[in-house]
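Okay, here's what each chain looks like letter by letter:
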Amino acid sequence: MSVAETVSGQVSFIPVDGSTVAMQLTGSWSNEASIKPVEQVLEDLSAFKNLKLVLLRAQDLAGWDSRLPAYLLKIFNYCQTQHIEVDMSGLPEGAQALLKLARAVPERAGARRTAQQKSTLAEIGKAVLNGLKDAKGLLAFIGETLLAFIALIQAKARFRTIDIFLCIQDAGPAALPIVTLISLLVGLILAFVGAVQLAMFGAQIYIADLVGLGTVREMGALMTAVIMSGRTGAAYAAQLGTMNVNSEIDALKTMGISPMQFLVLPRMLALILMMPLLCLYADLMGMLGGAMVTVSAFDVSLIQYYNETQKAVDLTDFGIGLFKSLVFAALIATAGCMRGMQCGRSASAVGDAATAAVVNSIVYIVVADSVITLICDRLGI
Amino acid sequence: MTSAMNTPHITVTNLTMAYGDFLIQRDLNFTIDHGDIFIIMGGSGCGKSTLLRHLIGLQRPAQGDVFYDQQDFWHASDEERVRIIRRIGVLYQSGALFSSLTLAENIALPLGEFTHMNGREIGDIVSYKLALVGLAGFEDYYPSEISGGMQKRAGLARAMALDPEILFFDEPSAGLDPVSARLLDDLIVSLRDTLGTTIVVVTHELASIFAIGTNSVFLDPDTKTMLATGSPKKLLAESSDAKIIQFLTRGESNANKSA
């Protein structure tokens with residue numbers, strides 16, 4: 001039987017006596033049928049006054065599936081609230097059994113969630129409380145990290161040495177290609193931006209100063225940090241979060257091994273060791289990018305560019321850049337590991353942890369960068 | 001092995017468990033003796049696994065104490081607590097194997113951290129423990145490469161690595177076929193018989209409860225406290241509490257009564 005030939009489900013009411021009405025169901029009650037919305041039927045039903053009993057009749061249905069019991073369940077629930085009896089002996093036996101089953105366990109009082117309308121004030125309060133909880137979590141995590149580092153210094157920390165090397169491989173050499181690409185391009189961009197202005201005064205040679213100082217003091221450390229927070233910080237959060245979901249962190253704890261020492265310490269150490277090296281490499285790449293633009297497009301020789309850079313950039317500038325990258329590394333590792341360790345126990349929580357790790361570390365990085373730059377300016381270095 | 005049977009191993013007094021304001025269970029009092037196979041049972045969502053987390057040091061009680069032998073677990077110093085924890089082994093519901101390590105590395109981890117054995121000796125112990133749970137030859141597999149039931153058995157091998165005094169099992173037969181579940185039950189009993197290990201099992205598998213349980217506690221989600229403690233068989237024979245009888249008979253006693 002094709003859908004076109006079947007008559008879609010029909011509902012009609014036949015009053016029997018003053019307090020009884022028969023509800024006649026005919027046609028097809030399967031998936032494809034177009035059936036009158038149940039709300040309308042309930043409205044029709046409420047039009048009968050003094051109703052005490054509804055007789056359900058459905059002897060000659062052309063076919064039915066879950067739509068029929070789902071439809072009737074709503075009618076049952078309505079009748080229950082109106083204290084109307086329902087007689088379902090006229091239904092197909094299968095439908096009777098299913099309806100009985102669906103109504104066997106009554107809805108648990110208070111189980112259904114109702115959408116709560118919260119006032120703006122309540123939302124603000126909740127946000128503040130969440131913020132406080134976050135801050136408390138951060139402090140606790142920093143404290144635990146310090147304890148782990150103290151244990152490391154006392155040579156009491158428990159972790160696998162091989163883990164450190166694996167983390168170093170992951171946070172160092174494996175990141176070189178992306179750091180190369182981004183730093184080279186940033187150096188290139190810096191050179192172009194500066195060149196347009198400087199060329200107006202015929203001072204193209206000072207592009208070397210601009211690119212050198214900009215990269216070494218600022219962009220090298222900053223771009224490496226942004227790359228590493230997306231690459232490694234997120235990975236830390238996701239790894240530790242998944243271990244949390246899988247009870248692996250619980251298992252470590254009940255083995256008497258501190259997860260802070262075993263999992264967090266190697267990751268932090270690896271990133272803190274590797275970031276300054278990556279930063280130094282990024283500085284070099286940035287200056288190379290600047291040189292490529294300047295030499296090829298602005299009539300400055302490579303030797304001139306090299307000499308100018310050497311004049312402009314001294315060791316202090318490198319020191320500031322490296323110091324920044326060290327701070328950024330600690331921040332990225334903290335945000336990543338903390339979000340992973342505090343992760344909830346579901347797949348979506350792992351995603352949230354990774355997102356929060358990246359967002360947090362980028363905010364931390366930019367704030368820390370501003371503070372350090374400000375301090376350097378005040379100190380005149 | 002050396003400790004006398006029928007002396008208290010774990011004592012729980014007035015334990016109240018809660019997540020913040022949300023009460024899970026209150027006023028729990030029971031004793032797990034040396035050599036017991038102790039069952040924590042009750043309907044779904046009554047706090048069985050939460051009780052386990054309190055016993056193994058993963059969650060601090062809202063109130064009350066847990067004693068290991070005579071030692072107060074939650075009021076001990078951190079180092080003391082770690083020392084107690086090293087005497088226990090836990091098999092988690094999912095196995096909780098470290099996914100980045102092979103089975104052999106998983107089992108070798110506690111051995112490497114807490115014993116002075118060399119690599120070869122550790123390797124021998126690892127092979128022996130894997131053989132004990134029927135996984136001989138799977139040393140170099142990663143947890144993701146074996147089935148769920150095998151992961152669980154490997155988890156047990158890791159839990160047994162340091163020959164713990166007490167072994168905790170969280171739903172050991174969940175996700176196992178009946179034959180494997182039965183084999184695991186047999187393994188639990190023989191661990192108790194041969195090594196004198198005290199066993200604590202969270203489960204609601206009736207077959208297991210009656211087959212292996214020598215002592216138990218029954219938690220009720222409605223009244224949020226324990227209803228009884230004692231041998232499951234004895235509880236079935238003597239309890240007058242309808243909820244316990246219903247649980248231990250899969251609700252079939254009601255049908256009998258009404259028939």
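Remember, it's a predicted structure, so these values are computed and weren't measured experimentally. All residue numbers here refer to positions counted from 1 along the written sequence of the relevant chain. Throughout, the order in which chains and ligands are written sets their labels, letters from A for the former and numbers from 1 for the latter. At least 70 in pLDDT is required for a residue's local features to be given in this predicted model, at least 80 for side-chain atom pairs to be given and counted, and no such filter applies to totals for whole chains, interfaces and linings, which use all residues. To get the side-chain values, all heavy atoms of the structure are used, and hydrogens and water are removed first.

*Asks:* Which parts of the structure should I look at to understand the sheet that holds strand β5 (residues 71-72) of chain B?
*Replies:* The strands making up a sheet associate through hydrogen bonds between their backbones, and the pairing can be parallel or antiparallel. All names here are of chain B. Spatially, the 4 strands line up as an open sheet ordered β2-β1-β4-β5, and their pairing is antiparallel. Looking at the sheet topology across the chains shown, the edges are occupied by β2 (22-33) and β5. Any two strands with at least two DSSP bridges between them are considered paired. Counting from the N terminus, the helices are the DSSP runs of H or I reaching at least four residues and the strands are the DSSP runs of E reaching at least two. Note that strand β1 (residues 8-19) and β2 share 8 bridges and pair antiparallel. Bridge pairing in β2 links Ile10 to Ile32. Any two residues whose heavy atoms approach within 4.5 Å at even a single point are treated as in contact. Angles run from 0 to 180 degrees between N-to-C directions of axes, and those axes are lines fitted to C-alpha atoms, restricted for helices to the stretch in contact. Sitting on the sheet, helix α1 (residues 48-55) touches β1, β2 and β4 (63-68), and the angle it makes with β1 is about 120°.

*Asks:* What's the story with the interface of chain A and chain B in this structure? I'm lost.
*Replies:* Accessible area lost upon the coming together of the parts serves often as the stated size of an interface. Every contact between the two is made by 17 residues of chain A and, on the other side, 21 residues of chain B. Buried area is calculated as the accessible area (1.4 Å probe) missing from two parts once they are joined, with the contributions of both summed. Approximately 1,600 Å² of surface area, both sides summed, lies buried where chain A meets chain B, with 60% of it carried by carbon and sulfur atoms. Looking only at chain A, the three residues that lose the most surface to chain B are Arg158, Thr254 and Met255 of chain A, adding up to 38% of its buried area. Salt bridge, as used here, is a side-chain nitrogen of Lys or Arg placed within 4 Å of a carboxyl oxygen of Asp or Glu. Joining chain A to chain B, the criterion identifies 2 salt bridges. Here Arg53 of chain B makes a salt bridge to Asp250 of chain A, at a shortest N to O gap of 2.9 Å. We call two N or O atoms a polar contact when they sit within 3.5 Å, provided that within protein one can donate a hydrogen and the other can accept it, with sequence-adjacent residues counted only if both atoms are side-chain atoms. One can count 5 residue pairs in polar contact (both at pLDDT 80 or more) joining chain A with chain B. Considering every element that reaches the side of chain A that touches chain B, the biggest residue donor is helix α8 (residues 248-254) of chain A, with 6 residues.

*Asks:* Which parts of the structure should I look at to understand the nonpolar core?
*Replies:* It is characteristic of soluble globular proteins that their nonpolar side chains tend to be buried jointly. Residues and elements named next belong to chain B. Grouped together as the largest cluster of nonpolar side chains are 84 residues, with contacts concentrated most on Ile10, Leu51, Tyr68 and Phe168. Beyond its immediate chain neighbours, meaning those up to four positions away, Tyr68 contacts His9, Ile10, Leu55, Ile56, Phe73, Ile84, Ile88, Ile166 and Phe168. Within the second largest apolar cluster, 42 residues are counted, among which are Ala159, Leu167, Phe169 and Leu235. Remark: nonpolar core denotes a set of buried residues (Ala, Val, Leu, Ile, Met, Phe, Trp, Tyr, Cys) joined through side-chain atoms within 4.5 Å. Three labels apply to residues, based on accessible area from a 1.4 Å probe with only protein chains included: buried if under 20% of the type maximum, exposed if over 50%, partly exposed otherwise in between.

*Asks:* Is there a simple way to explain the pattern of salt bridges in this structure?
*Replies:* Proximity of charged atoms lets side chains of opposite charge pair with each other. The final tally for this structure, using the stated rule, is 21 salt bridges over all chains. A salt bridge links Arg87 of chain B to Asp69 of chain B; the shortest N-O distance between them is 3.1 Å. With a gap of 18 residues between them, Arg87 of chain B in the loop between α2 (78-85) and β6 (88-91) and Asp69 of chain B in the loop between β4 and β5 connect regions that are remote in the sequence. In this structure, the salt-bridge partner of Arg83 of chain B is Glu80 of chain B, at a minimum N-O distance of 3.1 Å. Here Arg83 of chain B pairs with Glu80 of chain B, and both are found in helix α2, just 3 residues apart, close to one helical turn. When its relative accessible area of 25% is taken as the criterion, Glu80 of chain B is described as partly exposed. Members of the salt-bridge network, linked through shared partners, are Glu218, Lys324 and Asp369 of chain A.

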